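Reading the structure
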Amino acid sequence: MIKNDLGHLNCPFYEQKLENGLNVIFVPRKSELKSGVIYIAQGGYPHDEEINSSKIPFGSAYFLEKMIMSYKTKNELKAMKTNGTSHIDFSYTCFNVDTLGDVFSAIQLVLNKICTLDFNEDDVEKFKQDNASFFQKQSDDPLIQTKKACLNNLYFNSPIRNGFLPTKEQSVFIHASSLKKLLTKYYASNNMTIMISGDFTPGEVIAKIKEMKVPGKTTTYSKAVSYQEDYSKVNHYNKTLHLPYNYNVMNLGFKFPERKKLYDDYGIMMFESYEIISKVLFTENLNFLKGLHDIKCDLLGVSLSQGGEDTYLLLTMKSDDKNTLGNYLTDYCSRLDKRLRMPTIKE
Amino acid sequence: MSQIENYLYTSDYGQRIIVRRVFLKSSDVVFENLYLLAELLNMAPCYTDKKLLSEYADGKATFKAYCYGGGYVFEGRLCQTQNKNLFFFNNPYKKGISIFNDIFELGFKTDEKGFLAAKERALANYLLVKKDPSKNLEGRMEINYAIPNIDEKLFNEVTYDDEKLLLKAIKSSTVGEYLFLGEKSKKDPLALLPKYQDDFSSLTSSYLPSSKSFSSADFSSEALTYLFKIKEIKTSHDIEVLKVSSDILFKAISLSFMKSLSTKTSYSMHVVNKETMALEIVAEGSRLSENQSYFLNDLEKTINTNNADLISSSLNDYALSQVELTIHSSKAIEKALLLQDLGISFESFFKEPDVKAEEVKESLAGFKEINKLTATILRGKTND
């Protein structure tokens, strides 16, 4: 494995790409705890309209994640004294295992679920029933509705404006067959990274991973989702929704230029800045927070999300006086470049 | 008196945490003042250093106040990132402790507007506690770490001067305790902090909480709390066995709830002292009050803790909790504070021997119910 180091951080990691395309990353760690991650480079952002002539319903990626890290899988991991969790975003899906026992067996168990397509239509239907209230919330919850409305204001056509979690109505169209097609295309060794952390040597890790059964690459035929998006302006500047909620909420969205243009103009380091941008400008910017506090507003959340060519930053705030908050945000955001101080960034 | 351990050396969390707890007699301080002081220190801490605490290894200081051993505790926590390769020119940990000390000495800096804002925030936080039947019951029982009932009128009347006087009382307290979690260093990490005459070892041993069942219109769920006399806790392994036993007991009770009333439940367990434990069960909706007689008379008869599946499930859950202990520093701090409270050593902190089914059965057989309390929904009006 090739050793990498993050400068002076004393945090080396090792990386190797296997012949089957599987990428392996190992982070040595002197600890009783051993952790493993299966990272799939495909999230909830819908890239495909059809795979192998089958339509891929909205929300399929989320369902697929839950079918792999199902209650059944979690219970099997629990019997191995291992904690299993999963997470999906627009651009990736992660399956995590943490254990004081054998992390490689735990990773293999999850890989087996992928290799054997260990779910069927009954499992999908049961998941729909068990989580009916969650899916209902996606269309009924006022807070979610305002966020979706803000994204619809930002984008004309991009699929990112719909999020990736299905509503109850959308979940009806999701079936095991389409999930299996999505899995066949994306849950393959060439689209996968396995990360291991624990008290091992790089040689031990790579030997163990090479012994594992991993899902191979399969040829699929797909029809990509196509859309036209104008990145020079937003769809609508504002919109007011009258919804039953305990307090007034305002969302402010920033639509970034397309990723390709950002890469061409600023290079790869541009994307590194995403790690800190919401912190330095909003969540840990004392001037911004003090200003909000002075006008009796609370910052409920900030999220930076990206999928496909699209990236947005969404701020959610609570306020009784939307005009005062609106004026404050206009003032603050009109000179964002002046809001950045080098010491804050270094911090 | 048993020796209390103050150092838990580990590099697993990449963090360095110092917990400072100061004990105050309930006759000497008003809890409303203490509760507000914690919020003021969280919002506007005062210290002499020109740089922010967050500039020293991402330092954060947090404060809280709670019941403890028949009195109150004022707690401060200093949390910093631990990675020596990040810092070249200064010692951020020394600076962090200096600021932490300053906050205990100098208190808060805020104008009247900030003072009122702190009151609003603290009260809003308390109202959440008040609406939670389990936490409300804990507070009325004055179980360790619970927030007792706050008189809202009294709270609104707390003045700036009251808080300054309280700060003096905290400074002059002679009973205090420290906990350090982090990587071992050449110098004692607690050396720069003031010493206390007495530690916490004598405070909890004889204290037993008491309260009555009650109802409130503020609740949306209901709570049932059992106080059990248990076999004396002597080692940290005894606590682990107790955790599994109470989990099995809860699961058995939960099954009875679900079978008879189709009600979902959750629970928490508190070690009150070496011989007493509280098991708090929260039930959704108002099925508990609607079927009070059933719960008081028949519930115990339907509980079956001698179920192999339940025992196996709880042992698996326990194994997972050991994994979580190595992931989350907050869980390690919680465990370490409990061990400190009971005067038990940290020797086997991360290497607890496996809990066995026989030990659990023996522990369960030793549970003797002392008291049973409910916090239920009151229809029509508030009784507070």
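All figures in this text were calculated on a predicted structure; none of them were measured in a lab.

What counts, and at which threshold
- Residues numbered from 1 in each chain as written.
- Chains lettered and ligands numbered in written order.
- Predicted model: local features only at pLDDT ≥ 70, side-chain atom pairs only at ≥ 80, totals over all residues.
- Domains from an automatic or database assignment.
- Contact = placed C-beta atoms within 7 Å.
- Helix = DSSP H or I, 4+ residues; strand = E, 2+ residues; numbered from the N terminus.
- Axes fitted to C-alpha atoms, helices over the stretch in contact; angles between N-to-C directions.
- Parallel < 35°, antiparallel > 145°, perpendicular 65-115°, else oblique.
- Left-handed = near helix turned anticlockwise from the far one by under 90°.
- Nonpolar A, V, L, I, M, F, W, Y, C, P; charged D, E, K, R; others polar.
- Pairing = 2+ DSSP bridges.

1. Some points on the domain arrangement of chain B
All names here are of chain B.
- Each domain of chain B was delimited in the assignment, giving domain 1 (7–182) and domain 2 (214–377).
- The C-alpha-based centres of domain 1 and domain 2 are spaced at 29 Å.
- In this assembly, 18 residues from domain 1 lie in contact with 24 residues from domain 2.
- Every element with two or more residues in the side of domain 1 that touches domain 2 is listed here: β2 (15–24), α3 (112–131), α4 (133–141) and β5 (176–182).

2. Examining the packing of helix α1 (residues 31–43) of chain B against α3(B)
Residue and element names in this part refer to chain B.
- Two elements in contact, α1 and α3, have axes separated by 9 Å at closest approach and are oriented at 120°. Considering their axes alone, α1 and α3 lie oblique with respect to each other. For the element pair α1 and α3, the recorded crossing hand is right-handed. The residues of α3 that touch α1, namely those facing Tyr 35, Leu 36, Glu 39, Leu 40 and Met 43, are Gly 114, Ala 118, Lys 119, Arg 121, Ala 122 and Tyr 126.

3. What to know about the domain arrangement of chain A
Residue and element names in this part refer to chain A.
- As assigned here, chain A comprises domain 1 (2–224) and domain 2 (249–346).
- The C-alpha-based centres of domain 1 and domain 2 are spaced at 28 Å.
- Here the residues of the side of domain 1 that touches domain 2 sort into eight nonpolar, six polar and two charged.

4. A short note on the sheet that holds strand β8 (residues 93–99) of chain A
All names here are of chain A.
- Reading across the sheet, the seven strands line up as β1-β2-β3-β9-β4-β8-β7 and stay open at both edges, with mixed pairing between neighbours. In this open sheet, the two edge strands, each paired with only one partner strand, are β1 (2–4) and β7 (82–88). Put simply, the sheet's adjacent strands are angled 20° from each other on average, direction ignored.
- Relative to strand β3 (residues 23–28), strand β2 (residues 13–17) runs antiparallel, the two being bridged by four bridges. When the bridges of β3 are listed, Tyr 14 appears paired with Phe 26.
- With respect to the sheet, helix α2 (residues 71–79) is in contact with β7 and β8, its orientation differing from that of β7 by roughly 150°.

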